[in-house]
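Residue-level listing of the chains:
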Amino acid sequence: MNTLQILSASTPAPAALLLAACTAAFSAPAVAADLQPMTLRFAAQVNGQPFACGQRYADIGTTRSTITPGDFRFYVSEVALVDETGRAVPVTLAQDGMWQLDNLALLDFEDGSGPCRNGTAGTNSEVRGSVPAGRYTGLRFTLGVPFARNHGDPTTAPAPLNLTALLWNWQGGYKFVKFDTASSGLSGAHAMAGAGHGGGAASGFSVHLGSTVCASAARTEAPSSCQNPNRVTVQFERFDAATQTVVADIGAVLADANVDVNAPRTSPGCMSFPNDADCPPVMGALGLGYGGVAAPGPQRLFTVR
Amino acid sequence: MLARLALAAGSVLLLGASGAAWQWPLPAWVPPPVVPTDNPMSIDKVELGRHLFHDPRLSRDGSLSCAGCHDPARAFTDGRAVSPGVTGETGSRSAMSLANVAYLPVLTWQNPQLTSLEVQALIPLFGEHPVEMGMAGREQALFAMLQGDPVYRRLFARAFPDEARRGDEALYALSTLTKALATFQRSLLSFDSPWDRYRYGGQPGAISSAARRGEDLFFGEKLECYHCHGGLAFTDNQQHARSPFAETGFHNTGLYDEDGQGAYPAAAPGIVEFTGDPRDAGRFRTPTLRNVAVTAPYMHDGSVATLREVLRMHYAPAGRSALQGRGPNPLRSEFIAGFEITEDEIDDVVAFLEALTDERFLRNPAHANPWSAARVGPR
């Protein structure tokens, strides 16, 4: 039996969508027999502890601060399984009209409760799709929204590109990662009157990842490219989707950051903007170059278990 | 191109059947603005947009409407250098006048990417840095509020009959919300100042002799104001129905020089934030000078209090940063050369600028708040 054959619990309608997507991709009859369903499971953690809204987590960052997160969502795209010859075979995602669109998916670990009140009640920890039948040994995906979808019209975009909390209106595009938290250093003295309604905002430490310095060919055209695309390619040589889970641990991203301070006159935490002293440890942990300095190594947000 | 225009004309006729057709209230010498083909003007959309614009329920705590920073009596500015949002956090740039915003191909002080008025509305509504109206993540609650208000049910259905036929999810959405706000803003037209009547309206006595002398200085080669502050709205950012392409202008006027190499403060660095080109440090979009006498304080961060100071303390010395003693900003525009100017000449230029105030625009009932405090809460 093929180890990647997973019986999905899908109802007939999504299965029909699956088949329709597959048919569109391969434009041949009797396609279903050559494909197998695939579910990529994610889990969110903070320094090894499961992520939950309103939970307190100790020993975060260089000051060993205590944080209370208010959001944790991210987009992945270009999911592919790697076969025994090393070839990356794209996973065709189920078009569910909610979490997945084209080849991108939104993972959502906040449930709208407590300090996550600007989030949504729904959560999503899986990417669902299909691949050609075969044996696969590895996994690859991109953290981020593909360029072709990142600079469209946000007022008419379909789900999951229609959530205002994930729009990155000033820079254009989307927040590839949205993590917001209060910290022991940034929720008391620094909180403004009326703040504390949710993580981030006027105080707190955020990690918002997105493309920056996106230039257009002409002043009034949409960007043609971005100097800092800030997408992260994630690769695991040995990965078995049937038994393993991709773990996103935000604690690893914050390990070398000081979450108790914010560089004056910069966005709270690191929001990818250039010239923010809070960004180098965060961007480095994501495996991204920043401010002309190359990444110190590969990304540390994702591991597998 | 012609096919798309024909399509737009066709859809306007269709809309005319269910909603009153829009007429531009413009003098004959002003060409109409360009309107996106997917958001044609209509009286019903303008009326819906006016209600939304003045409604503080579009903010997280019900305290802040668009009009809270864009007050019609101040040509849609707010008299502050920078403004607080619902959490008290302030931005780093001043609320801009919305008079004639329909003619601007690019929006806000330093964002060359922001070319859509519809998309711009998302920033104050849903932005998180800074938090302005604080609605990030709260759009479903916002749509529920709109849907639950009989005034909005009537206005949305009239403004968007196609979407109404498709159901409430299509009718109460980011798309219709931003289209209505943009349409209202496009109706904010200001071309009836004393100077307009003097220059185009056949009324040579409409402005004072001081203002006429100021006009000569403004359009002359000593001050060179008109190089950037020329055009229909006294800004070199302009597009209209008779122009073949959009014109944009971003300039460094030498207001700051933080490092001796031309840089501006990091919180508002200029369009370099988007282009990455160090020569774009300190480049900001030229604002309109129409109604400038009521839109103090001045510059992108409101750091110059009066028009006299703009002339004496900023443009005359080739940029305020030159007063630091290190010489003028090396990245400044070639038009910022500095000049000698007497107090009498400053009086004259200020008289000219005051003649650009369109009093009827400031008091136009078509732009006013339609709500009572009892209805939407105090502002």
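Fair warning: this is a prediction, and the values are worked out from it, not measured in the lab.

**Student:** Hey, could you run me through the overall build of chain A in this one?
**Tutor:** Across its full length, chain A holds 4 helices and 18 strands. Taking all 305 residues of chain A together, the buried fraction comes to 47%. Across chain A, the fraction of contacts at a sequence separation of at least 24, relative to all contacts at a separation of at least 6, is 70%.

**Student:** Mind showing me how you'd approach the overall build of chain B here?
**Tutor:** Along its length, chain B carries 16 helices and 2 strands. Considered along the principal axes of its C-alpha atoms, chain B spans approximately 65 × 50 × 45 Å. Looking at chain B as a whole, 51% of its 379 residues qualify as buried. Once local pairs closer than 6 in sequence are excluded, the contacts in chain B between residues at least 24 apart make up 67%.

**Student:** What exactly am I supposed to notice about the nonpolar core here?
**Tutor:** In this structure, Tyr75, Val76, Ala105, Val253, Val282 and Leu286 of chain A together with Phe156 of chain B are the most contacted members of the largest nonpolar core, which totals 157 residues. In terms of residue count, strand β4 (residues 65-83) of chain A provides more of this core than any other element does, 7 residues in total. Not counting residues within four places of it along the chain, the set of residues in contact with Phe156 of chain B comprises Leu48, Leu146, Leu171, Tyr172 and Thr176 of chain B.

**Student:** What am I meant to see in the packing of helix α2 (residues 43-53) of chain B against helix α6 (residues 150-159) of chain B here?
**Tutor:** Between two packed helices, what matters for the description is the angle formed by their axes and the separation of those axes. Residues and elements named next belong to chain B. Close contact between α2 and α6 brings their axes to 8 Å; oriented N to C, the two are set at 145 degrees. In this structure, α2 meets α6 at a crossing whose hand is left-handed. Across the interface between the two elements, Asp44, Lys45, Glu47, Leu48 and His51 of α2 pack against Val151, Leu155, Phe156, Arg158 and Ala159 of α6. When grouped by side-chain class, the residues that make up the contact of α2 with α6 number 5 nonpolar, 1 polar and 4 charged.

**Student:** Would you explain the domain arrangement of chain B in this entry?
**Tutor:** The extent of an interface is frequently quoted as the accessible surface area lost upon association of the parts. Residues and elements named next belong to chain B. Domain annotation of chain B identifies domain 1 (2-190) and domain 2 (194-357). Relative to domain 2, the C-alpha centre of domain 1 lies at a distance of 28 Å. In this assembly, 31 residues from domain 1 lie in contact with 33 residues from domain 2. A per-class count over the side of domain 1 that touches domain 2 returns 18 nonpolar, 10 polar and 3 charged.

**Student:** Can you help me understand helix α5 (residues 139-148) of chain B in this one?
**Tutor:** Along an α-helix, residues three or four apart share an orientation, since each turn contains 3.6 residues. Residues and elements named next belong to chain B. Of the residues making up α5, those classed as buried are Glu139, Leu142 and Leu146. One face of α5 carries all of its buried residues, which in axial projection span an arc of 55 degrees. Away from its buried face by more than 90 degrees, α5 exposes Ala141 and Gly148. If you follow the buried residues of α5, they end up packed against α6 and α9 (174-186).

**Student:** I would appreciate a short explanation of unusual backbone geometry in the present structure.
**Tutor:** For residues besides glycine, phi is generally negative; the peptide bonds are generally trans as well. Residue and element names in this part refer to chain B. In this model, His129 is joined to Pro130 through a cis peptide bond whose omega is 0 degrees. When you line up the elements, Pro130 lands in the loop between α4 (122-126) and α5. With an omega dihedral of -5 degrees, the bond running from Ala296 to Pro297 counts as a cis peptide bond. Secondary-structure assignment places Pro297 in the loop between β2 (284-285) and α13 (307-315). Notably, Ala75 is not glycine yet its phi reads approximately 55 degrees, a positive angle. Inspection of the secondary structure puts Ala75 in the loop between α2 and α3 (117-120).

**Student:** How do you make sense of the pairing of strand β10 (residues 136-143) of chain A when you look at a structure like this?
**Tutor:** Residues in a regular strand point their side chains to alternate faces of the sheet. Taken together, the 6 bridges between β4 of chain A and β10 of chain A define a ladder with antiparallel strand orientation. Within β10 of chain A, the position partnered with Val82 of chain A by the bridge is Gly138 of chain A.

**Student:** Explain the confidence of the model for chain B to me, please; I cannot follow it from the model alone.
**Tutor:** Any segment with low pLDDT has predicted coordinates that should not be analysed in fine detail. All names here are of chain B. Residue-level pLDDT values for chain B average 93, and 94% of them are 70 or greater. Predicted confidence for residues 1-18 stays below pLDDT 50, and this span has 11 contacts to residues more than four positions away or in other chains. Here the predicted complex carries an ipTM of 0.83, next to a pTM of 0.87.

**Student:** What am I meant to see in the confidence of the model for chain A here?
**Tutor:** All names here are of chain A. Looking at chain A, pLDDT values average 85 and 82% of them are 70 or higher. Low confidence marks residues 1-31, where pLDDT is under 50. Its contacts with residues over four positions away, or in another chain, come to 36 contacts. Low pLDDT, under 50, characterises residues 188-202; the stretch is placed with 43 contacts to residues that sit more than four places away or in other chains.

**Student:** What is the right way to look at the pairing of strand β11 (residues 177-183) of chain A in this model?
**Tutor:** Residues and elements named next belong to chain A. For β11, the tally of buried residues reaches 7 of 7 residues, placing the bulk of the element in the interior. Judged from the 7 bridges that link them, β4 and β11 form a sheet pairing that is antiparallel. In the sheet register, Thr68 faces β11, and the bridge partner there is Ala182. Inspection of the sheet shows β11 paired to strand β12 (residues 205-209) by 5 bridges, in the antiparallel sense. Looking at the pairing, Phe179 lines up with Val207 of β12.

**Student:** Got a minute to help me understand the environment of Leu93 of chain A in this structure?
**Tutor:** All names here are of chain A. Within the secondary structure, Leu93 sits in strand β6 (residues 92-93). Each C-alpha atom of the pair Leu93 and Asn103 lies 5.9 Å from the other, and the pair is 10 residues apart in sequence. Those residues within four positions of Leu93 in sequence are excluded, and the remaining contacts are Gln100, Asn103, Ala105, Val127, Arg128 and Gly129.

**Student:** Would you mind showing me how to read the interface of chain A and chain B here?
**Tutor:** Listed as interface residues are 32 residues of chain A and, on the opposing side, 34 residues of chain B. In terms of residues, the side of chain A that touches chain B owes the most to one element, strand β13 (residues 212-215) of chain A, which gives 3 residues.

**Student:** How should I be thinking about the packing of helix α11 (residues 209-218) of chain B against helix α14 (residues 343-354) of chain B in this particular structure?
**Tutor:** All names here are of chain B. Packing of α11 against α14 brings their axes to within 7 Å, and their N-to-C directions diverge by 95 degrees. One finds that α11 runs roughly perpendicular with respect to α14. Contacts from Ala210, Ala211, Arg213, Gly214, Glu215, Leu217 and Phe218 of α11 reach α14 at Glu345, Asp347, Asp348, Val349, Val350, Ala351 and Phe352.

**Student:** I keep staring at α14 of chain B and nothing clicks. Help me out?
**Tutor:** All names here are of chain B. With 12 residues, α14 ought to run about 16 Å at 1.5 Å a step, and its terminal C-alpha atoms sit 16 Å apart, in line with that. For α14, the complete set of buried residues consists of Asp348, Val349, Val350, Phe352, Leu353 and Glu354. In this fold, the buried residues of α14 make contact with α11 and α13.

**Student:** Sorry, what's going on with the environment of Ala206 of chain B here?
**Tutor:** Residues and elements named next belong to chain B. Relative to the assigned elements, Ala206 resides in the loop between α10 (194-199) and α11. In this structure Ala206 comes out as partly exposed when scored by C-beta crowding, with 16 C-beta atoms within 10 Å. For the pair Ala206 and Trp195, spaced 11 residues apart in the sequence, the C-alpha separation amounts to 6.8 Å. Ignoring sequence-local partners within four residues, the contact set of Ala206 consists of Pro194, Arg197 and Tyr198.

**Student:** Whenever I open this one, the environment of Gly284 of chain A confuses me. Can you help?
**Tutor:** Residues and elements named next belong to chain A. With respect to the helices, strands and loops of the structure, Gly284 is situated in helix α4 (residues 279-285). Gly284 sits in the buried class, given 21 other C-beta atoms within 10 Å. Counting along the chain gives 15 residues from Gly284 to Gln299, while the straight-line C-alpha distance between them is 7.6 Å. Those residues in contact with Gly284 that sit more than four places away from it in its chain are Ala295 and Pro296.

Analysis parameters
- Residues numbered from 1 in each chain as written.
- Chains lettered and ligands numbered in written order.
- Predicted model: local features only at pLDDT ≥ 70, side-chain atom pairs only at ≥ 80, totals over all residues.
- Helix = DSSP H or I, 4+ residues; strand = E, 2+ residues; numbered from the N terminus.
- Buried ≥ 20, exposed ≤ 12 C-beta atoms within 10 Å, placed from the backbone.
- Contact = placed C-beta atoms within 7 Å.
- Core = buried A, V, L, I, M, F, W, Y, C linked by C-beta atoms within 7 Å.
- Axes fitted to C-alpha atoms, helices over the stretch in contact; angles between N-to-C directions.
- Left-handed = near helix turned anticlockwise from the far one by under 90°.
- Nonpolar A, V, L, I, M, F, W, Y, C, P; charged D, E, K, R; others polar.
- Domains from an automatic or database assignment.
- Arc of directions from axis to C-beta.
- Pairing = 2+ DSSP bridges.
- pLDDT = per-residue confidence, 0-100.
- Parallel < 35°, antiparallel > 145°, perpendicular 65-115°, else oblique.
- Expected span 1.5 Å × (residues − 1).

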